[in-house]
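Residue-level structure breakdown
Residues per chain, in single letters:
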Amino acid sequence: MSGPPNPIENAYWVIVPAAGSGKRMGADKPKQYLPLAGTPLIAHTLDNILQWPGLAGIVVAIAADDQEFEALTAAQDPRVHRVTGGAERADSVLAALDYLSQLADPETSVLVHDAARPLVSRSDIQSLLNASAIALLAQPASDTIKQSRCSNGKTLVNQTLPRQQIWLAQTPQKAPLQLLRRALQRGLEQCPESITDEASALELAGHAPELVSACRSNFKITHPADLMLAEALLQHRQALEQIQSGTES
Ligand SMILES: Nc1ccn([C@@H]2O[C@H](COP(=O)(O)OP(=O)(O)OP(=O)(O)O)[C@@H](O)[C@H]2O)c(=O)n1
Ligand SMILES: C[C@](O)(CO)[C@H](O)COP(=O)(O)O
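Quantities reported herein were computed from a predicted structural model and do not represent experimental measurements. (Residues numbered from 1 in each chain as written. Chains lettered and ligands numbered in written order. Predicted model: local features only at pLDDT ≥ 70, side-chain atom pairs only at ≥ 80, totals over all residues.)

Here the focus is the site of ligand 2. In the vicinity of ligand 2, the contacting residues are Arg89, Asp114, Ala169, Gln170, Thr171, Thr196, Asp197 and Lys220. Partitioned by chemical class, the residues of the shell around ligand 2 number one nonpolar, three polar and four charged. (Near = placed C-beta within 6 Å. Nonpolar A, V, L, I, M, F, W, Y, C, P; charged D, E, K, R; others polar.)

UniProt's feature table lists "site: Positions MEP for the nucleophilic attack" (unreviewed entry) at Arg163 and Lys220, given in the numbering used throughout. We classify Arg163 as partly exposed; it has 13 C-beta atoms within 10 Å. Look past the residues within four positions of Arg163 in its chain and what remains in contact with it is Ala141, Thr144 and Ile145. (UniProt positions renumbered as here; feature names shortened; annotations may be inferred. Buried ≥ 20, exposed ≤ 12 C-beta atoms within 10 Å, placed from the backbone. Contact = placed C-beta atoms within 7 Å.)

In this section: the UniProt feature "site: Transition state stabilizer" (unreviewed entry) in the protein chain. Mapped onto the present numbering, the UniProt feature "site: Transition state stabilizer" (unreviewed entry) falls at Arg24 and Lys31. Turning to its location among the elements, Arg24 is positioned in the loop between β1 (12–18) and β2 (35–36). Setting aside residues no more than four positions away along its own chain, Arg24 makes contact with Thr222 and His223. In this fold, Lys31 is placed in the loop between β1 and β2. In this structure Lys31 comes out as buried when scored by C-beta crowding, with 27 C-beta atoms within 10 Å. Setting aside residues no more than four positions away along its own chain, Lys31 makes contact with Gly22, Met25, Leu41, Ala116 and Ile221. (Helix = DSSP H or I, 4+ residues; strand = E, 2+ residues; numbered from the N terminus.)

The next thing to look at is the nonpolar core. In this structure, Ile15, Val93, Leu97, Val110 and Leu184 are the most contacted members of the largest nonpolar core, which totals 55 residues. Those residues in contact with Leu97 that sit more than four places away from it in its chain are Ile15, Leu177, Leu180, Arg181 and Leu184. (Core = buried A, V, L, I, M, F, W, Y, C linked by C-beta atoms within 7 Å.)

Okay, the site of ligand 1 next. Near ligand 1 there are 22 residues, and of these Pro17, Gly20, Lys23, Arg24 and Ser92 occur at the shortest range. Listing elements by their share of the shell around ligand 1, those giving two or more residues are β1 and α2 (89–100). In terms of residue class, the shell around ligand 1 is made up of seven nonpolar, eight polar and seven charged.

Put into structure tokens, the structure is as follows:
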């Protein structure tokens, strides 16, 4: 007779790259520490991940000069480990994979999730966990896609591309630990500029990651307006939860 699934068998690790400087945000501190509804952005992301079912632990890659991580409540959780990140996102992820390879089995499933995506939904995480061993959340393109060209200092439409096969990559992106580590190592040696996510390294190594359709609310906080949108969505979500649990004041 088969009983409920063993949570140990389902255990996976999450890597959170959080060593960026947030240049496009243009703030006076890295964007992961900017307040979102009164709490640092990264705190929302980590508190969310700590509630995912079957989680074994989190490795957060932080900048060498980070002064703020230790003050987070999540930093005190024994499941949260930290490593020093690198110059590019892929270097930060690789540093975390190097650390994790000393703790976990080579076949362990790893989900890499940007610190800058605090609003990923639990149902999208469940869909990703149920998908192929190599998979990523992504959003199918919903607008008409234009390819551009420059002419006399202006940006003009070159052509309209068919959108049926266009997806916008999100995170988490999932793969077995050692396979992802090797793919990133090789990708960074061969063409570092094209490794903007885990899937691109895995594609270069000959894999075809599964695209798992995810909500638009899992956007990456990149520009100042994204913070305001995330705050509005969070408030809406909290109000909805209060109504659903009957605790509305
Ligand atoms: N050297 C880097 C660069 C980025 N990241 C992390 O990767 C995630 C996604 O990257 P992005 O949104 O591009 O962040 P930044 O590099 O900080 O932003 P920008 O490109 O605007 O400077 C973020 O959580 C960021 O902290 C990282 O860990 N190490
Ligand atoms: C991994 C990623 O979030 C997928 O969209 C993205 O590639 C990372 O940041 P970028 O610098 O904006 O490409």
